[in-house]
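Notes for the structure review
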Amino acid sequence: MDSKRILVTGGCGFIGSNFIHHMRASFPHRIVNLDKLTYAGNLENLKGIDDQPGYSFVRGDIAETSDLESIFDKGVDLVINFAAESHVDRSIIDPDAFVKTNIYGTYRLLEQARKSGIEKFLQVSTDEVYGSLGTTGKFREDTAMAPNSPYSASKASADMLVMAYHKTFGLPVCITRCSNNYGPYQFPEKLIPLLITNAMEGRDLPIYGDGMNVRDWIHVKDHCAAIAIVAEKGKAGEIYNIGAENERTNMEIVELILEIMGKPRELIKYVKDRPGHDRRYAIDNTKIRDQLGFEITVPFKTGMEETIRWYVENRPWWERIKTGEYLQYYHRWYGQR
Ligand code: NAD
Ligand code: DAU
């Protein structure tokens, strides 16, 4: 494949940084990483990449035109927009940044891409835009959006803007909607790294409600590979669901983590449910599999063992995070539950 100049936004977060590692290992493309370095952005995630030729980092905001202009002026072939406020619970505490970054920021990025001209704009979206499933059925690309949290509503709004820029202005866009990711570098506010790191510290493992909510867990490596495939082969104006056909209740997740780590069940603590908590997500990934040849490569148990090992071996990485702002958030959210 020819070398392209790719603008990756939010490349210091969990999935963005894994994606940059994936791309640097597999393709000759030049990457510009634009990241605001919010609480979730961490330059440590890109150690070893940061001084490589063909990679550059810009600290900036997708909602700021001047930050975008200085990058687009040098030419951009492909935009992959990971930048977002991504945690549902924080969107319940304060939706403001979710509206600013996820909706207005995506709009500014679309405007800049439209003015400058690009080969493709890939919006990294989420299955949460579809809302919640009952005990049967799966999300398909033509399932109507029905978001339930300020986070998912902001992502659904962004998806609508992205599609409107395709229909109205002919911008070549693709949208990916993936299920729950797990793997290295995930911020320890999300279920799996929160449970692993709390278990290592001997703290309670908070489980919302009855613990029977279902998510379709995919290893971040497989999500990144799917995004690379859509970037290369995805058809303009199309949405691609990404999932691993790996539905698990939250109780199954916590029990697996305790089993792998050899920790006692007594650590589990049922806490007050998340308001508006979606009951079940499940992805029908027929389209990306049949049309673009995507395959899942990481078996869940192996992926979880590797992920737990990563958090055990990288204790300083998450211990530095679980201080200051993180502790304030943790006490505010979990203190009363
Ligand atoms: P994350 O919270 O770990 O990282 C987000 C990154 O975006 C951080 O580096 C942050 O500094 C940066 N950022 C935030 N606001 C910004 C702004 N205004 N300008 C520039 N950078 C900004 O998130 P993640 O889990 O890596 O998710 C990445 C994307 O994937 C998001 O769009 C999310 O909606 C989507 N997604 C996540 C999952 C999941 O399971 N985590 C699943 C499907 C889709
Ligand atoms: O489905 C894709 C989405 O997955 C992404 O778009 C989001 O960015 C990502 O955060 C994730 O959203 P969820 O809300 O599903 O993930 P989270 O890890 O916050 O929670 C997973 C499940 O675990 C959910 O049912 C809530 C529950 N949970 C979560 C936390 C943090 C608990 O029971 N206890 C907890 O402490």
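So, here's what we can say about the structure.

With that settled, consider the site of ligand 2. Around ligand 2, the structure places 25 residues, and the nearest of them are Asp 127, Glu 128, Tyr 151, Arg 274 and Tyr 334. One of the side-chain N or O atoms of Arg 215 is found 2.8 Å from an oxygen atom in ligand 2. Between ligand 2 and His 277, the relevant distance is 2.7 Å, taken from an oxygen atom to a side-chain nitrogen or oxygen of the residue. Its free accessible area being 690 Å², ligand 2 has 95% of it covered by the protein chains. Counting residues per element, the ones that place at least two in the shell around ligand 2 are helix 3 (88-93), helix 6 (191-201) and strand 8 (205-208). Here the shell around ligand 2 takes three residues from strand 8, the largest share from any one element. The class makeup of the residues in the shell around ligand 2 is 10 nonpolar, eight polar and seven charged.

A packed helix pair is summarised by two numbers, namely the angle formed by the two axes and the spacing between the axes. Where helix 8 (residues 250-261) contacts helix 10 (residues 300-313), the two axes come as close as 11 Å, and the packing angle between them is 60°. Judged on the interaxial angle alone, helix 10 and helix 8 are oblique. Of the two possible hands of crossing, helix 8 and helix 10 adopt the one that is right-handed. Contacts between helix 8 and helix 10 involve Ile 253, Leu 256, Ile 257, Glu 259, Ile 260 and Met 261 on the former and, on the latter, Phe 300, Lys 301, Met 304, Glu 305 and Ile 308. Its residues placed into classes, the contact of helix 8 with helix 10 shows eight nonpolar, no polar and three charged.

Attention now goes to the sheet that holds strand 1 (residues 5-9). Read from one edge to the other, the open sheet built from seven strands follows the order 3-2-1-4-5-6-11, with strand pairing classed as parallel. Of all the strands in the sheet, the pair left with one neighbour each is strand 3 (55-59) and strand 11 (238-242). Sheet twist, expressed as the mean angle between neighbouring strand axes with direction ignored, is 20°. The sheet contact formed by strand 5 (residues 120-126) and strand 6 (residues 173-178) spans six bridges and is parallel. For Val 124, the partnering residue across the bridge sits in strand 6 and is Thr 176. Strand contacts of helix 7 (residues 220-233): strand 4 (78-81), strand 5, strand 6 and strand 11, with the helix running at about 150° to strand 5, the strand carrying the most contacts.

What follows covers the packing of aromatic side chains. One pass over the structure, following the stated rule, counts 17 aromatic pairs. Judged by centre distance (6.4 Å) and plane angle (80°), the ring pair of Phe 98 and Tyr 151 falls under edge-to-face. Here the residue Phe 98 occupies a position in helix 4 (residues 96-116), and Tyr 151 occupies one in helix 5 (residues 150-169), the gap between them amounting to 53 residues. Of the two residues examined, Phe 98 and Tyr 151, each falls in the buried class. Over the ring of Phe 169 we find Arg 114, and its NZ or CZ is 4.0 Å from the ring centre. The side chain of Lys 287 reaches across the aromatic face of Tyr 240, ending 4.9 Å from its centre.

Turning our attention to the pattern of salt bridges. Tallied over the full model, the rule gives 22 salt bridges. Of the charged contacts in the structure, one is a salt bridge between Arg 114 and Glu 111, with a shortest N-O distance of 3.1 Å. In this pair, Arg 114 and Glu 111 both sit in helix 4, three residues apart, roughly one turn of the helix. Judged by relative accessible area, Arg 114 falls into the partly exposed class, the value being 37%.

Turning our attention to the nonpolar core. Counting 72 residues, the largest nonpolar core has Phe 19, Ile 80 and Ile 257 as the members making the most contacts within it. Considering each element in turn, this core owes the most residues, eight residues, to helix 7. Among residues more than four places away in sequence, those in contact with Ile 80 are Ile 6, Leu 7, Val 8, Thr 9, Phe 19, Leu 122, Val 124, Ile 227 and Ala 231. One finds Val 76, Ala 113, Ile 118 and Ile 239 within the second-largest nonpolar core, a separate group that totals 29 residues.

Turning our attention to unusual backbone geometry. The phi dihedral of Leu 37 falls on the positive side, at around 55°, and the residue is not glycine. Structurally, Leu 37 can be placed in the loop between strand 2 (30-35) and strand 3. Phi at Glu 245 takes a positive value of approximately 50°, unusual for a residue other than glycine. Mapped onto the secondary structure, Glu 245 falls in the loop between strand 11 and strand 12 (247-249).

Here the focus is the environment of Leu 68. Along the chain, the position of Leu 68 falls in helix 2 (residues 65-72). By relative accessible area, Leu 68 is classed as buried at 1%. Along the chain, Leu 68 and Val 58 lie 10 residues apart, while their C-alpha atoms are 9.9 Å from each other. In contact with Leu 68, not counting residues within four places along its chain, are Leu 34, Ile 62, Arg 108, Leu 109 and Gln 112.

What counts and what doesn't
Residues numbered from 1 in each chain as written. Chains lettered and ligands numbered in written order. Predicted model: local features only at pLDDT ≥ 70, side-chain atom pairs only at ≥ 80, totals over all residues. Heavy atoms only, no water. Near = heavy atom within 4 Å. Polar contact = N/O pair within 3.5 Å; in protein donor to acceptor, adjacent residues only side chain to side chain. Areas by Shrake-Rupley, 256 points an atom, 1.4 Å probe, with all protein chains shown as cover. Helix = DSSP H or I, 4+ residues; strand = E, 2+ residues; numbered from the N terminus. Nonpolar A, V, L, I, M, F, W, Y, C, P; charged D, E, K, R; others polar. Axes fitted to C-alpha atoms, helices over the stretch in contact; angles between N-to-C directions. Parallel < 35°, antiparallel > 145°, perpendicular 65-115°, else oblique. Left-handed = near helix turned anticlockwise from the far one by under 90°. Contact = heavy atoms within 4.5 Å. Pairing = 2+ DSSP bridges. Phe/Tyr/Trp six-rings, centres within 6.5 Å; stacked < 30°, edge-to-face > 60°. Buried < 20%, exposed > 50% of the residue type's maximum accessible area, 1.4 Å probe, protein only. Lys NZ or Arg CZ within 6 Å of the ring centre and 35° of its normal. Salt bridge = Lys/Arg side-chain N within 4 Å of Asp/Glu carboxyl O. Core = buried A, V, L, I, M, F, W, Y, C linked by side-chain atoms within 4.5 Å.

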